[in-house]
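# Observations on the model geometry
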Amino acid sequence: MIRHQSLVEATSALPENGLVESRLAPSNAVYDAIIPAGAPWIYQIERGQHLRIVDLEGNQAADTLFYNAHDYEDRYDAQATIREQANIYLTTGSELMSSKGRVLLTIVADTCGRHDTLGGACATESNQVRYAIDKKHMHACRQSFVKAVIGWGNGFTKRDITHNINFFMNVPVTPEGGLTFEDGVSAPGKYVELRAEIDVIAVISNCPQLNNPCNAYNPTPVRVLIWDAMD
Ligand SMILES: [Zn+2]
């Protein structure tokens, strides 16, 4: 309960820009890894654990999916998340909703201030449509997601890949209602930290995209850390 009480206090004192620093020290993390530029990552986060994703060099999109670890059909739902919080951007205080109405994780700290969940993940098909026919064979997030879930096994398949979050990615909605991919608002060392509200599986594609500014045209590594529940 101490955890939840402290969240209530933190939420009531949230700044409008969502910028909140974590008190957790990397030296106390139970897991600490680097996802190389362009690589996929998949891991199970237990209820109560905190997951931090660090944009090591700045302007790197971390395309992310979350699943209920015990029911892959119960998965991150961007529409439900946007509807429930009445905001199209994600930051501290955002509760990431599942397709079956659960809160999967809550963003508890954020030094970037804005994350996209509208722009989707890059795919070989979208690379062709957006950029050029000869971009078809370029490495894309959707292929990284497929590689990660197939490697995990346990019945996970390509069909389980759905609409994602783009941590550290700046996709502002224009006054006319359009979406634009802009240069990032992130910077070296910025991070987002989430507390798992149930056991979840996190799948990250450290975006290999070279054709738009989501990675400043230069994909770089991100760091992932996990801390155990604090009570
Ligand atoms: Zn991508």
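Quick look at the structure, then. (Residues numbered from 1 in each chain as written. Predicted model: local features only at pLDDT ≥ 70, side-chain atom pairs only at ≥ 80, totals over all residues. Heavy atoms only, no water.)

Looking only at helices and strands, the protein chain has four helices and 11 strands in total. Over its C-alpha trace the protein chain gives a radius of gyration of 17 Å, about what one expects of a compact globule, namely 17 Å for 231 residues. The principal-axis extents of the C-alpha atoms in the protein chain amount to approximately 55 × 45 × 35 Å. In the protein chain, of all internal contacts separated by at least 6 residues, the share reaching a separation of at least 24 is 77%. One way to put it: in the protein chain the 19 positive side-chain charges average out to a point 5 Å from where the 27 negative ones average out. (Helix = DSSP H or I, 4+ residues; strand = E, 2+ residues; numbered from the N terminus. Rg over C-alpha atoms; globule rule 2.2 N^0.38 Å. Contact = heavy atoms within 4.5 Å. Lys, Arg positive; Asp, Glu negative; His and termini not counted. Charge placed at Lys NZ, Arg CZ, Asp CG, Glu CD.)

Attention now moves to the nonpolar core. Looking at soluble globular proteins, one finds that nonpolar side chains tend to be buried together. The biggest cluster of nonpolar side chains holds 31 residues, and the ones touching the most others in it are Trp41, Leu51, Ile53, Phe66, Phe167 and Val224. Judged by nonpolar contacts, the second largest core, of 12 residues, contains Tyr72, Val149, Phe156 and Ile161. (Core = buried A, V, L, I, M, F, W, Y, C linked by side-chain atoms within 4.5 Å. Buried < 20%, exposed > 50% of the residue type's maximum accessible area, 1.4 Å probe, protein only.)

A few words now on the pattern of salt bridges. The full count for this structure, using the stated rule, is seven salt bridges. Asp32 is the partner of Arg223 in a salt bridge, and the nearest nitrogen-oxygen pair spans 2.7 Å. In this pair, Arg223 is assigned in strand S11 (residues 222-227) and Asp32 in strand S1 (residues 31-35), connecting sequence segments 191 residues apart. Accessibility expressed as a relative area gives 42% for Asp32, which makes it partly exposed. We note a salt bridge from Asp74 to Arg102, for which the minimum N-O separation is 2.7 Å. Placement of Asp74 in strand S5 (residues 71-75) and of Arg102 in the loop between strand S6 (95-97) and strand S7 (103-110) is noted, with a sequence separation of 28 residues between them. With a relative accessible area of 0%, Asp74 lands in the buried category. On the basis of relative accessible area, Arg102 is assigned to the partly exposed category, the value being 38%. (Salt bridge = Lys/Arg side-chain N within 4 Å of Asp/Glu carboxyl O.)

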